[in-house]
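Okay, here's what each chain looks like letter by letter:
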Amino acid sequence: MKYRHLFKAWWIFYQKLILPSLVTALLLAVVSLPANRIVQGAALAYIPLSLFYQYIFYDYSRKGEYLFYYNLGLGKPVLWLFSLIAACIVAIGVSVLSCL
């Protein structure tokens, strides 16, 4: 029961990062890569971009929002680690699906 609430809180945290990271990764891949490498390039660019947007959104502009997640039991290092893991899973999933 507790883990479901932590996952829900983390999902609220992470969903703000998905769209900007994905759009920026796709734009960078379209502009800089040949047509047959766009999906793989976007998947690879998604990892650092999601962490970059996390820094911009939460560490730079909304510093007080970490307190909300800390009170739920999710500290800053845990949120960064979960975001890195999620970005890697998304990137691997997109890469595998593009190869099929």
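For the structure itself, consult the block above.
Residues numbered from 1 in each chain as written. Predicted model: local features only at pLDDT ≥ 70, side-chain atom pairs only at ≥ 80, totals over all residues. Heavy atoms only, no water.

### Observations concerning the packing of aromatic side chains
Working step 1: Tallying each qualifying case throughout the model produces 12 aromatic pairs.
Working step 2: Seen from their ring centres, Phe 7 and Trp 10 are 5.7 Å apart, and the 40 degrees between their planes marks the pair as tilted. You can see Phe 7 and its partner Trp 10 sitting in helix α1 (residues 2–32), 3 residues apart, about one turn around the helix.
Working step 3: Taking relative accessible area as the criterion, Phe 7 reaches 51% and is therefore assigned exposed.
Working step 4: A residue is classified by how much of its surface remains accessible, and Trp 10, at 9% relative accessible area, is buried.
Working step 5: With a centroid separation of 5.1 Å and 15 degrees between ring planes, the pair formed by Trp 10 and Tyr 14 is classed as stacked. A residue pair is termed a helical-turn pair when its members lie 3 or 4 positions apart in one helix, as Trp 10 and Tyr 14 do in helix α1 at 4 residues. (Phe/Tyr/Trp six-rings, centres within 6.5 Å; stacked < 30°, edge-to-face > 60°. Helix = DSSP H or I, 4+ residues; strand = E, 2+ residues; numbered from the N terminus. Buried < 20%, exposed > 50% of the residue type's maximum accessible area, 1.4 Å probe, protein only.)

### Some words on the pattern of salt bridges
Working step 1: According to the stated counting rule, one finds 2 salt bridges in the structure shown.
Working step 2: With a closest N to O distance of 2.7 Å, Lys 16 and Glu 65 form a salt bridge. One end of the pair, Lys 16, is in helix α1; the other, Glu 65, is in helix α3 (residues 65–71), and 49 residues separate them in sequence.
Working step 3: Among the residues examined, Lys 16 registers a relative accessible area of 32% and is labelled partly exposed.
Working step 4: Ionic pairing is found between Asp 59 and Lys 76, a salt bridge with its closest N-O pair at 3.7 Å. Placement of the pair is Asp 59 in helix α2 (residues 38–61) and Lys 76 in helix α4 (residues 76–99), with a sequence separation of 17 residues. (Salt bridge = Lys/Arg side-chain N within 4 Å of Asp/Glu carboxyl O.)

### A few points about α1
Count 3.6 residues to each turn of an α-helix, and residues three or four apart come out pointing the same way.
Working step 1: Look at α1: 44 Å from first C-alpha to last across 31 residues, which is about the 45 Å you get at 1.5 Å a residue.
Working step 2: Its maximal kink placed at Tyr 14, α1 deviates by approximately 35 degrees.
Working step 3: When α1 is considered as a whole, its buried residues turn out to be Leu 6, Ala 9, Trp 10, Phe 13, Tyr 14, Leu 17, Ser 21, Ala 25 and Ala 29.
Working step 4: Of the surrounding secondary structure, the elements contacted by the buried residues of α1 are α2, α3 and α4. (Expected span 1.5 Å × (residues − 1). Bend = angle between axes of the 7 residues up to and from the residue. Contact = heavy atoms within 4.5 Å.)

So yeah, pure geometry; function would need other evidence.
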